[in-house]
Amino acid sequence: MRTCVVLLILGLPMALPAPDSPPIEDQYLYQALPDVPLKLSDGSEARLSQLSSGKPLLVTFVFTRCAGICSPLLRSLKGAAAKAEGGFRILAISFDPRDTPADLSALAAHVGVAQKQGWNFAIAAPADMQRIAKVTGFWFQWDSTSRQYDHPGLVLVVDRGRILRMRAGGTVPAAFLQEALEETRGKLAKSYPLPGKVAFRCFQYDPATGELAFDWGAVLMLLPGGVAIVLAVVVFRRGRTRVRISMKNSLMWP
Amino acid sequence: MDAAMDRIRRVTLVWMITALVLFPAMTLLGYLIRRFQASPTPAAHPEWFYSLLTLHALGMVGTWFVSSMAGVSYLLSRYVRPSPAVSLGAFFGTLAGVVLVCLATVGGFFGAGWYFLFPLPLYPNGAWPAWATALFFGALALLGTSWLVWALDVLRAISQRYSLSAALCLHYLGASTEPEVPPIVLITTVSLIVCISGLVSAVIVLVLFAAHWAGWLNVDALLMKNLTFLFGHTLVNISLYLGLGIVYEVLPGYAGRPWKTNRIVAMAWSSILFLVLFAYFHHLYMDFAQPGWVQTLGQIASYFLSLPAAAVTIFGVLNLIYGASMRWTPASTLFVLGVLGWAIGGVAAVIDATVAVNFVFHNTLWVPAHFHTYFLAGLVFFVLGFIDHLGRELSPGEEPKGLSKFTVALLVVGAYGFVATFYWSGASSVPRRFAAYPDEVMRGAAHARTSLVFIHVFLLGMILYLWMAGRRCVRALFS
Ligand code: HEM
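Described below are features of the structure shown in this document. The numbering scheme is per chain: residues are counted from 1 as the chain's sequence reads. Here every chain gets a letter starting at A, and every ligand a number starting at 1, in the order they are written. This being a predicted model, a pLDDT of at least 70 is required before a residue's local features are given, and a value of 80 or more before pairs of side-chain atoms are given or counted; all residues contribute to the totals for chains, interfaces and linings. Hydrogens are left out, water is left out, and the side-chain values use all remaining heavy atoms of the structure.

### Details of the pattern of salt bridges
- Any Lys or Arg side-chain nitrogen located within 4 Å of an Asp or Glu carboxyl oxygen qualifies as a salt bridge. Summed over all chains, the structure comprises 16 salt bridges over all chains.
- In this structure, arginine 165 of chain A engages glutamate 25 of chain A in a salt bridge whose closest nitrogen and oxygen atoms are separated by 2.9 Å. Placement of the pair is arginine 165 of chain A in strand 9 (residues 162-168) and glutamate 25 of chain A in the loop between helix 1 (2-10) and strand 1 (37-40), with a sequence separation of 140 residues.
- The buried label applies to any residue whose accessible area, calculated with a 1.4 Å probe on protein chains only, is under 20% of its type's maximum; exposed applies above 50%, and partly exposed to all values in between. According to the relative accessible area criterion, arginine 165 of chain A is buried, its value standing at 5%.
- Residues arginine 78 of chain B and glutamate 249 of chain B are paired through a salt bridge, measuring 2.7 Å at the closest nitrogen-oxygen approach. Highlighted residues: arginine 78 of chain B in the loop between helix 2 (46-76) and helix 3 (84-107) and glutamate 249 of chain B in helix 8 (residues 221-255), separated in sequence by 171 residues.
- For arginine 78 of chain B, a relative accessible area of 30% puts it in the partly exposed group. Note on conventions: DSSP H or I runs of at least 4 residues are helices, E runs of at least 2 residues are strands, and numbering of each starts at the N terminus.

### Remarks on helix 3 of chain B
Residue and element names in this part refer to chain B.
- The end-to-end C-alpha distance of helix 3 is 33 Å, a good match for the 34 Å that 24 residues give at a rise of 1.5 Å each.
- Every residue pair with non-hydrogen atoms within 4.5 Å of one another is taken to be in contact. If you follow the buried residues of helix 3, they end up packed against helix 1 (3-38), helix 2 and helix 4 (130-159).
- One or two positions beyond helix 3, positive phi appears at phenylalanine 109, with a value near 65°. The span you would expect from a helix comes to 1.5 Å times its residue count less one.

### With respect to the packing of helix 14 (residues 401-427) of chain B against helix 15 (residues 443-478) of chain B
All names here are of chain B.
- Running from N to C, helix 14 and helix 15 cross one another at 155°; their axes reach a closest spacing of 8 Å. Put simply, helix 14 runs roughly antiparallel to helix 15. When the axes of helix 14 and helix 15 are compared, the crossing they make is left-handed.
- When residue character is reported, Ala, Val, Leu, Ile, Met, Phe, Trp, Tyr, Cys and Pro are called nonpolar, Asp, Glu, Lys and Arg charged, and the others, Gly included, polar. By residue class, the composition of the contact of helix 14 with helix 15 is 18 nonpolar, 11 polar and no charged. Here an angle of 0 to 180 degrees is reported between the N-to-C directions of two axes, which are lines fitted to C-alpha atoms, with helices fitted over the stretch in contact. Angles below 35 degrees are treated as roughly parallel, those above 145 as roughly antiparallel, those between 65 and 115 as roughly perpendicular, and all remaining angles as oblique. By definition, any crossing whose near helix is turned counterclockwise from its far helix by less than a right angle is left-handed, and any crossing with a clockwise turn is right-handed.

### Here we look at the coordination of the iron atom of the ligand
All names here are of chain B.
- Counted as donors are N, O and S atoms no farther than 2.8 Å from the metal, or 3.2 Å for Na, K and Ca; water is not among the atoms, and sites may therefore look incomplete. Coordination of the iron atom of the ligand by the protein involves His56 (NE2) and His372 (NE2), with metal-donor separations of 2.0 Å.
- Just to be clear on the cut-offs, tetrahedral is four donors with all angles between 85 and 135 degrees, square planar is four donors and octahedral six with opposite donors over 155 degrees apart and all others between 65 and 115, and anything else goes down as irregular. Of note is the iron atom of the ligand, whose six donor atoms meet at the metal with angles of 87 to 180° in an arrangement that counts as octahedral. Of this pair, histidine 56 sits in helix 2 while histidine 372 sits in helix 13 (residues 366-394), and the two are 316 residues apart along the sequence.

### Digging into the packing of helix 2 of chain B against helix 13 of chain B
Residues and elements named next belong to chain B.
- Packing of helix 2 against helix 13 brings their axes to within 11 Å, and their N-to-C directions diverge by 40°. When the interaxial angle is binned, helix 2 and helix 13 end up oblique. You can see that helix 2 and helix 13 cross each other, and the crossing is left-handed. On the side of helix 2, the interface is formed by His56, Trp64, Ser67, Ser68, Gly71, Tyr74 and Leu75, while helix 13 contributes His372, Leu379, Val380, Val383, Phe386, Leu390, Glu393 and Leu394.
- Of the residues in the contact of helix 2 with helix 13, the class split is nine nonpolar, five polar and one charged.

### Considerations on the site of the ligand
All names here are of chain B.
- Here a residue is considered near a molecule or strand provided that any single heavy atom belonging to it is located within 4 Å of it. Close contacts around the ligand come from 25 residues, with Gln37, His56, His372, Arg432 and Arg433 the closest.
- What qualifies as a polar contact is a pair of N or O atoms within 3.5 Å, subject to a donor-acceptor requirement within protein and to the restriction that residues adjacent in sequence count only when both atoms come from side chains. Interatomic distance of 2.8 Å between a side-chain N/O atom of histidine 56 and a nitrogen atom of the ligand.
- Within the contact set of the ligand, an oxygen atom lies 2.7 Å away from a side-chain nitrogen or oxygen of arginine 433.
- Secondary-structure elements contributing two or more residues to the shell around the ligand are helix 1, helix 2, helix 13 and helix 14.

### Structural notes on the packing of aromatic side chains
- When two rings of Phe, Tyr or Trp (its six-membered ring) have centres within 6.5 Å they constitute a pair, described as stacked for plane angles under 30 degrees, edge-to-face for angles over 60, and tilted for the intermediate range. Counting across every chain of the model gives 43 aromatic pairs over all chains.
- Relative to tryptophan 150 of chain B, the ring of tryptophan 15 of chain B has its centre 4.7 Å away and its plane inclined at 5°; by these criteria the two rings are stacked. Note that tryptophan 15 of chain B is positioned in helix 1 and tryptophan 150 of chain B in helix 4, a separation of 135 residues in sequence. No difference in accessibility class separates tryptophan 15 of chain B from tryptophan 150 of chain B, as the two residues are buried.
- Ring geometry for phenylalanine 116 of chain B and phenylalanine 137 of chain B: centres 5.9 Å apart, planes at 80°, overall edge-to-face. Of the two residues, phenylalanine 116 of chain B sits in the loop between helix 3 and helix 4 while phenylalanine 137 of chain B sits in helix 4, which places them 21 residues apart along the sequence.
- The class of phenylalanine 116 of chain B is buried, set by a relative accessible area of 2%.
- A connected cluster of aromatic rings, assembled from ring pairs, spans Phe110, Phe116, Phe118, Trp128, Phe136, Phe137, Phe209 and Phe231 of chain B.
- Against the face of phenylalanine 176 of chain A rests arginine 167 of chain A, its NZ or CZ located 5.8 Å from the ring centre. Counted as over-ring charges are cases with an Arg CZ or a Lys NZ within 6 Å of the ring centre that also lie within 35 degrees of the ring normal.

The structure is reproduced here in structure tokens:
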């Protein structure tokens, strides 16, 4: 989180992720989602801003003919949402132009979720989907061999229209969701994801318990004090072997 | 005259004259960056603000560290013998470092701030070239190495006369007062051990920066921030302590009374050795990835770091002056005023080191307000007092009394007026480090315009001071 703030301050260009890797959270935080019109699975229409007003909104991207990640991701999200406290809405947006409201209703029934539980399934127009993809780093690519879309699993936590957290992958841990929802209520999350493999982390964060545990970096923080004391002891030991000045006679240098 | 002592005097004069050149130059930079903030419209080249701010801050911190270090080394030579050659080596190292920093900032626009927080220096996004970052880090390495060797040499000199426990006055904590140890020895020993820890921390930071730059490893930004502030905070902190060491040693001469170490003085100063390593956590209160207990430790250490030493010193100064037939010269006046400024800045710092307050004040101009108070109206006064004292000792002669008083008055009015505008801005939520203020906090520009008046007053005082004390030092060097 802190790194992302730094990156935003630096104004690093928003690198679009390579189409074979999921988007990196740091690069899309605090982006505003475009207020696009959506067609909901019950046939009604709504704007994205209506769905994200008043409550946090969890957004994910699916297509109903998916033979891969979509259903497991939705089920994982359902499981995490059942354990999470506080009010929020969930929106699954289809990026497949072939999907119809009926297809989306069928998917909702298949996963076992309903609008009255805060779930919405919706279709965005292709041009609007492109606008959403641009600010979220989400991508999808038609693979004619498998006749499926390649796409990452992605869940956005949207607060007042802006991306507050993002999670890429096929599952949504309950601890992540709870932590992100607490963030929407102004509580700071202690986690600090860092890109790549980091040598000497100060602390490791356990999202399940919310606790921080020491790591090797914390030892490095104590090293300077230790080295200074050792150096001082060495210097003074050497000095004492060559005491030249009698301290009895005078305080001043003779 | 003892040839070794003569060399020490000359090296000290060289350091002090350098400080008298660097200080007005860095003050002019401060004036320029405050002018950016005073403007109601954004400047055409805001990148200048950040490179000048970097140069101003590092230049000031460096100037006051080396001059207080040179001051205590000179005064310590009454009891022990620091090497003038090592001091001279540190001088040339510092000079080369200053040139590199100037090239990096003014030539290359390096503007990551004087504590260059990771990863900004490596990702300037076109604001400055990579060579400017390399020069800046080269300068830090050079300065750090020169100062480390210098600090080790002064400790070596102390070690030739005192054991470590004696130099830390641990025997005073029991019943014994033998051997008698002057406060300057205690303060210098504590400060230099702490200084070494800060410099070692800087070495680790530079190595990690280099490793990250070379693509060998990813670095934890939180670790870098901790280590960077362990370096930056301790360097600033001990510069003040070394300045106080000067006051403990010189002020008694003006009061005609001794200021000796006793159990309370020993306790207050030796405890710093441990506390200072944790006090810097108060720079990371906003870093929520740092556990809560670390923040609490930072608050406690900050309180116990400042309060005992301040209480003991303020009480000591009052005790020294009360009923004494004080000789009031610019030196003694500046020492006493400096302790006052240090105390005022210290109170503001303690307020800011309180977690609950810091959540509101952090990143407002309150922070520069407190550290400018104890620097400009504290440490700067200690060193200017010392330079005046040294100049009079080595090249006697009197200026008109009225002129001396007027000079000190200008410095005091200028310094307090200037920092008052920072406090004023801080209390009204004006952010720090803004080259131009957005409409919501445009009041900051008005405060900055007011401060320009006081900076002029301060600069006028500085010119008069240079004419008096500066000339004396130059005369003494070439006599
Ligand atoms: C009359 C003399 C001085 C003037 C006019 C001056 C002016 C300034 C100004 C305008 C800033 C920027 C404040 C902000 O927006 O954050 C600043 C920052 C700073 N100054 Fe001074 N200053 C003076 C003396 C000193 C002294 C004696 C020191 C001693 C070490 C000092 C050290 C610093 C430091 C460390 C910073 C912080 C840089 C940062 O936030 O990265 N200044 N000064």
